[in-house]
Protein chains: 2
Amino acid sequence: MTQVKADCLIVTKSANVTYITGFSGEDSWAIVMPKGVSLVTDSRYSEQARQECKRCRIIVRKKGMVKTIAEMLQNRRGMRIAVEKSASIAEFEQLKKCLPGRLKAIGNIVETVRRTKDESEIAAIREAARIAARAFENTRRQIKHGMTENELAGILDLEIRKSGGQHAFETIAAFGANASRPHHRPTSRKLRKNDTVLIDFGVRFNGYCCDITRCFTSGKISRLYYRVYKAVQKAQAAALKEIKAGVEITKVDSAARTVIKKSGLPVYGHGTGHGLGLEVHEMPSLSPKTEGTLQAGNVITIEPGVYMPGKLGVRIEDDVLVTEKGPVLLSKIPKNLE
Amino acid sequence: MTQVKADCLIVTKSANVTYITGFSGEDSWAIVMPKGVSLVTDSRYSEQARQECKRCRIIVRKKGMVKTIAEMLQNRRGMRIAVEKSASIAEFEQLKKCLPGRLKAIGNIVETVRRTKDESEIAAIREAARIAARAFENTRRQIKHGMTENELAGILDLEIRKSGGQHAFETIAAFGANASRPHHRPTSRKLRKNDTVLIDFGVRFNGYCCDITRCFTSGKISRLYYRVYKAVQKAQAAALKEIKAGVEITKVDSAARTVIKKSGLPVYGHGTGHGLGLEVHEMPSLSPKTEGTLQAGNVITIEPGVYMPGKLGVRIEDDVLVTEKGPVLLSKIPKNLE
């Protein structure tokens, strides 16, 4: 609060509200003031909020969000109020109209704090990765020719639930050339003999996410696929080798990219990785343009890939904790191609 | 464009981008100008965009979104540019800094057009509801004592995928008193003898959603539960009876609420329903505060409920198309309690 020179911070982004209050529902905002934190929610969530947010004042709004907050803060002229920049223009305009104090928008305050994970957060991500490994193993046993991408994604999601987690985002299952689209949505394309499979999936446990990609084959694979797979594996290993607290993020990113480039394969257009926590994508992003260094306690993905439209797509993605000594691998799923 | 007095409209909201361009991916914006529509996306989606958006100019950005758009619009001083109000404050600030023209934020332009569905949209929602009915039927057969809420939700999601759809939102499966939380997240709570089940789920087909809630029992039910169920059923029927093009939305909402109130049961705090389309919740919202009337071509949910924390929760939700003559039921899942 001192840092942003505000007497009141209005937290609107769902993951930030969760971080500050413990509330895991939606459509609720947190109001942070020196004397304490309030959660403003609605009747759908009143019971849940009372269970999850023991330390907050809980306000079950009957009017609109902004009107409710305006009433909370009335008689406070001159108050310096900060609103998260991720709020919408419509919300900001309404706040400006209704609130008594001076309003300003601030960015990435809570996100920056969230970057460094404490032990309980790391434990949750570790457990998410454990559930992922179990679910993946159980799913792999059920894969058979004739199965659709959509069905495979559904089976994996069910196995995740059976293991006590929930998927962190829409599972990507891509067969053959469909894998050349990094964000492919599962279709009714069936698995053939000597086909390839890419699965990109995440598990959420206690609010925290893991994010893992594996590629393998349902039979024999082409020499091209094998060559690409080995290059991506090498690229990932090169990036992992660079990871430790204090390293420039661009150095990690370029370690992976350089391997792909030197192999004469097309270099992926996405980042080499991203932060992982309450959101599947959070700070820091690992791209050629990211300024700054990795810090101990960051949890990040490393996920280089090669995409050749009409032919193939390969991506290998793991989750690691950054420490002073180097990376600690959280996602322990074997990488055998068969 | 004439209506909002702009020469260029920047569409940032994902569902609106889909509506205008046909693109079903994420993280992409549409730029609407009199001479045509451009989709600004990134390399992860370039292949998909080319397949889905035959009529758009496709720009695969290498720089940030705002910088790319600024370059597209350079040399266009004096241009009147409108940005959707759902964009974030951060995005708006950056646009203001980088764009050459005069910038203003406008709200609900595309959303208002989306309210009225054409035949192909209605067909997609109808098919989503058909898949939902099949998946629900197949799931119901697999329900047994000892199964967790989480597992039940996973089985339903898999059945949806087997039938060719995808879930439209996180499936809610709530046993017993857990159903008193309208937005309950499935847990490891097991189904007991003489338990009750609430399932609130949606299917997405060709981008379009249905949204359905059913309640039933795994054995005998209490007299209280039966009384509540009958009241909710009656409330839903009362609202459905009011539906036709031209009716005041508040009239539909209050028809359902009045039945619950007269039964001496606690009146639900959420809306009686909401619009349904590319988003699970879209215009119009059916609440006591919604101004305006229903129009032919609107597709809405009707979902009254009764929530008694620690005891029970009952909600019945169906999807209907509004016509001049009355409602057309799209969600055809039986409502038998057993």
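**Student:** Requested: an account of the overall build of chain A, with residues and values cited.
**Tutor:** When you go through chain A residue by residue, the secondary structure sums to 9 helices and 19 strands. Relative to the 2.2 N^0.38 estimate, which gives 20 Å for 338 residues, the radius of gyration of chain A is 22 Å and therefore close to what a compact globule would have. For chain A, the spread of C-alpha atoms along the principal axes amounts to about 75 × 40 × 35 Å. Pairs at least 24 residues apart make up 62% of the contacts formed inside chain A by residues separated by at least 6 positions. Side-chain charges in chain A split into 56 positive and 36 negative, and the spacing between the mean points of these groups amounts to 2 Å.

**Student:** Give me the relation of the copies chain A and chain B: which residues, what numbers.
**Tutor:** Both copies of the chain are related by a screw-like operation: a rotation about an axis and a shift along it. Expressed as a screw transformation, the operator carrying chain A onto chain B has a rotation angle of 180° and an axial translation of 0.0 Å, and the superposed copies differ by an RMSD of 0.0 Å. Between the two chains, the operation in question is that of a two-fold axis. No C-alpha of chain A approaches the rotation axis more nearly than that of A:S88, which lies at 2.0 Å. Taken together, the interface assignments show that 100% of the residues at the interface of chain A recur at the interface of chain B, consistent with an identical surface on both copies.

**Student:** Provide a residue-level description of unusual backbone geometry, including the pertinent values.
**Tutor:** Residues and elements named next belong to chain A. Cis rather than trans, the peptide bond between M283 and P284 has omega equal to -5°. Along the chain, the position of P284 falls in strand β14 (residues 282–286). Backbone geometry places N194, a non-glycine residue, at a positive phi of 50°. Here N194 shows up in the loop between β8 (172–175) and β9 (196–201).

**Student:** Talk me through the domain arrangement of chain A; I want residue IDs and the actual numbers.
**Tutor:** All names here are of chain A. Domain assignment breaks chain A into domain 1 (8–114) and domain 2 (119–329). Put simply, the middle of domain 1 and the middle of domain 2, counted by C-alpha atoms, are 34 Å apart. The partner domain 2 presents 6 residues to the 8 residues of domain 1 that form the contact. Between domain 1 and domain 2, a total of about 560 Å² is buried, with carbon and sulfur atoms accounting for 56% of that surface.

**Student:** How would you explain the interface of chain A and chain B if you had to name every residue and give the values?
**Tutor:** Counting residues at the interface gives 46 residues for chain A and 46 residues for chain B. Counting the surface lost from both chain A and chain B, the interface buries some 3800 Å², and carbon and sulfur atoms represent 49% of this. Of all residues in chain A, A:R44, A:I89 and A:R161 give up the largest surface area on contact with chain B, accounting jointly for 19% of the area buried on that side. At the surface where chain A touches chain B, the tally comes to 6 salt bridges. With its nearest N and O atoms 3.0 Å apart, the salt bridge here joins A:K85 to B:E93. Counting across the chain A and chain B interface gives 30 residue pairs in polar contact (both at pLDDT 80 or more). Among the elements that make up the side of chain A that touches chain B, the one with the highest residue count is helix α7 (residues 149–162) of chain A (9 residues).

**Student:** How would you explain the confidence of the model for chain A if you had to name every residue and give the values?
**Tutor:** With 100% of its residues at a pLDDT of at least 70, chain A reaches an overall mean of 95. Overall fold confidence for the complex sits at a pTM of 0.92, while the interface term, ipTM, reaches 0.87.

**Student:** I'd like to hear about the pairing of β9(A), residue by residue, with values.
**Tutor:** Residue and element names in this part refer to chain A. The element β9 is extensively covered by neighbouring structure, given that 6 of its 6 residues are classed as buried. Judged from the 4 bridges that link them, β8 and β9 form a sheet pairing that is antiparallel. Among the inter-strand pairings, A173 is bridged to a residue of β9, identified as I199. The pairing of β9 with strand β12 (residues 212–217) spans 6 bridges and is antiparallel. Residue pairing across strands places I199 opposite R214, the latter belonging to β12.

**Student:** An account of the sheet that holds strand β6 (residues 102–106) of chain B is needed here, citing residue identities and associated values.
**Tutor:** Residue and element names in this part refer to chain B. The strand order β4-β3-β2-β1-β5-β6 describes an open sheet built from 6 strands, whose pairing is mixed. Strands with a single pairing partner mark the edges of an open sheet, and in this sheet they are β4 (57–60) and β6. If you compare each strand with its neighbour and ignore which way they point, the axes differ by 20° on average. Sheet topology places strand β2 (residues 29–33) next to strand β3 (residues 36–41); 5 bridges connect them, and they run antiparallel. When the sheet's bridge partners are listed, I31 is paired in β3 with S38.

**Student:** Now, about the sheet that holds strand β12 (residues 212–217) of chain B: what can you tell me, with residues and values included?
**Tutor:** All names here are of chain B. Taken together, 3 strands build an open sheet; the order of strands is β8-β9-β12 and the sheet is antiparallel. Unpaired on one side and paired on the other, β8 (172–175) and β12 mark the two borders of the sheet. The mean angle between the axes of side-by-side strands here comes to 10°, regardless of whether they run parallel or antiparallel. Against the sheet, helix α7 (residues 149–162) touches β8 and β9 (196–201), its axis set at about 145° to β8.

**Student:** So what's going on with the pairing of strand β5 (residues 80–84) of chain A? Which residues, and what values?
**Tutor:** Residues and elements named next belong to chain A. With 4 of 5 residues buried, β5 lies mostly within the body of the structure. Judged from the 5 bridges that link them, β5 and strand β6 (residues 102–106) form a sheet pairing that is parallel. Paired with V83 across the strands is A105, a residue of β6.

**Student:** Lay out the state of the cysteines with the relevant residues and their values.
**Tutor:** The final tally for this structure, using the stated rule, is 0 disulfides over all chains. For the unlinked cysteine B:C56, the closest cysteine sulfur is that of B:C53, found at 5.0 Å.

**Student:** Break down the packing of helix α6 (residues 119–142) of chain B against α7(B) for me, with residues and values.
**Tutor:** Residues and elements named next belong to chain B. Relative orientation of the contacting elements α6 and α7 amounts to 135°, with a least axis distance of 8 Å. The pairing of α6 with α7 is recorded here as oblique in orientation. Taken as a pair, α6 and α7 cross one another with a handedness that is right-handed. Contact residues: I131, A135, F136, N138, T139 and Q142 in α6; L152, I155, L156, E159 and I160 in α7. Among the residues making up the contact of α6 with α7, the classes are represented as 7 nonpolar, 3 polar and 1 charged.

**Student:** If you had to explain the side chain of B:N178 to someone new, which residues and values would you point to?
**Tutor:** Of note, B:N178 is situated in the loop between β8 and β9. When near neighbours in sequence (up to four residues on either side) are disregarded, B:N178 contacts B:E149, B:H184, B:T187 and B:R189.

**Student:** Could you give an account of the pattern of salt bridges, naming the residues involved and the relevant values?
**Tutor:** Residues and elements named next belong to chain A. Inspection of every chain in the model, using the stated rule, returns 42 salt bridges over all chains. Between E127 and R130 there is a salt bridge, and its shortest N-O distance comes to 2.6 Å. With E127 and R130 both in helix α6 (residues 119–142), this residue pair falls 3 residues apart, about one helical turn. Across the salt bridge formed by R315 and E303, the nearest N and O atoms sit 3.9 Å from each other. Taken together, the positions of R315 in strand β17 (residues 312–315) and E303 in the loop between β15 (299–302) and β16 (305–308) put the pair 12 residues apart, joining distant regions of the chain. Shared partners join several salt bridges into a network, and the residues in it are K13, E111, R114, K117, E279 and E282.

**Student:** Talk me through the environment of A:R257; I want residue IDs and the actual numbers.
**Tutor:** All names here are of chain A. Examined against the element boundaries, R257 turns out to sit in helix α9 (residues 249–262). For the pair R257 and K325, spaced 68 residues apart in sequence, the C-alpha to C-alpha distance is 23 Å. Leave out the neighbours within four places in its chain, and R257 touches V267, Y268, H270, G271, T272 and P288. Here the side chain of R257 touches H270 through a polar contact of 2.9 Å, landing on its backbone oxygen.

Procedures and definitions
- Residues numbered from 1 in each chain as written.
- Chains lettered and ligands numbered in written order.
- Predicted model: local features only at pLDDT ≥ 70, side-chain atom pairs only at ≥ 80, totals over all residues.
- Heavy atoms only, no water.
- Helix = DSSP H or I, 4+ residues; strand = E, 2+ residues; numbered from the N terminus.
- Rg over C-alpha atoms; globule rule 2.2 N^0.38 Å.
- Contact = heavy atoms within 4.5 Å.
- Lys, Arg positive; Asp, Glu negative; His and termini not counted.
- Charge placed at Lys NZ, Arg CZ, Asp CG, Glu CD.
- Least-squares fit on C-alpha atoms with pLDDT ≥ 70 in both.
- Domains from an automatic or database assignment.
- Buried area = accessible area lost by both parts, 1.4 Å probe.
- Salt bridge = Lys/Arg side-chain N within 4 Å of Asp/Glu carboxyl O.
- Polar contact = N/O pair within 3.5 Å; in protein donor to acceptor, adjacent residues only side chain to side chain.
- pLDDT = per-residue confidence, 0-100.
- Buried < 20%, exposed > 50% of the residue type's maximum accessible area, 1.4 Å probe, protein only.
- Pairing = 2+ DSSP bridges.
- Axes fitted to C-alpha atoms, helices over the stretch in contact; angles between N-to-C directions.
- Disulfide = S-S within 2.5 Å.
- Parallel < 35°, antiparallel > 145°, perpendicular 65-115°, else oblique.
- Left-handed = near helix turned anticlockwise from the far one by under 90°.
- Nonpolar A, V, L, I, M, F, W, Y, C, P; charged D, E, K, R; others polar.

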